[in-house]
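Listed below are the residues making up each chain.
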Amino acid sequence: MTVYALAQIRVHDRARYDRYAAAFLPVLAKYRGRLLAADEAPRVVEGDWPYDKAVLMAFDSRESFQAWAESPEYREISRDRVAATDGVVLLLDGLPGQRPAGGPDA
């Protein structure tokens, strides 16, 4: 079943975050993750939202997500993300029988 990872972050060290972002897509693609959306100025429609950026990714399964998140390649680049941001990552189960459209390449 498809799972979605939704990251909501506040960037406090732009240089380190940009270094992470530059290395992110090749590592995501290697583990068959798909970037569906990334927005540094999402419009808050309801409620309060304390973050700067939202990122939505899709993976074929929880196992695929775990393989990516725990991979040596991602662990290496994620040091910059951890140091440069505060936030949360949510893992959401997709609906049975549905697959997401392919995400953008960049």
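What you are looking at is a predicted structure, and each value in this text was computed from that prediction instead of being measured.

Novice: Hey, could you go over the packing of aromatic side chains for me, with residue numbers and the actual values?
Specialist: Going through the model one piece at a time under the given rule, you end up with 9 aromatic pairs. Between Phe59 and Phe65, the aromatic rings sit 5.4 Å apart at their centres with planes inclined by 80°, giving edge-to-face as the arrangement. With respect to class, Phe59 is no different from Phe65; both count as buried. Residues Phe59 and Trp68 carry aromatic rings whose centres are separated by 5.2 Å and whose planes lie at 35° to one another, so their mutual orientation is tilted. Neither Phe59 nor Trp68 differs from the other in exposure class; each is buried.

Novice: For the nonpolar core, give the residues involved together with the corresponding values.
Specialist: Counting 19 residues, the largest nonpolar core has Phe24, Leu28, Met57, Phe59, Trp68 and Tyr74 as the members making the most contacts within it. In contact with Met57, not counting residues within four places along its chain, are Val3, Tyr4, Ala5, Phe24, Leu28, Arg34, Leu35, Leu36 and Trp68.

Calculation rules
- Once a new chain begins, its residue numbering starts again from 1 and follows that chain's sequence as written.
- It should be noted that, the model being predicted, local features are given only for residues of pLDDT at least 70 and side-chain atom pairs only at 80 or more, the latter also being counted only at that level, while totals for whole chains, interfaces and linings use all residues.
- As a convention, hydrogens and water are excluded, and side-chain values are obtained from all of the structure's heavy atoms.
- Any Phe, Tyr or Trp ring, taking Trp's six-membered ring, that has another such ring centre within 6.5 Å forms a pair; planes under 30 degrees apart are called stacked, those over 60 apart edge-to-face, and the others tilted.
- Summary of the burial criterion: residues with accessible area below 20% of their type's maximum are buried, those above 50% are exposed, and those between are partly exposed, where the area comes from a 1.4 Å probe applied to protein chains only.
- Nonpolar core, defined: a set of buried Ala, Val, Leu, Ile, Met, Phe, Trp, Tyr and Cys residues in which side-chain atoms within 4.5 Å join the residues together.
- Here, residues are in contact when the closest pair of their heavy atoms is within 4.5 Å.

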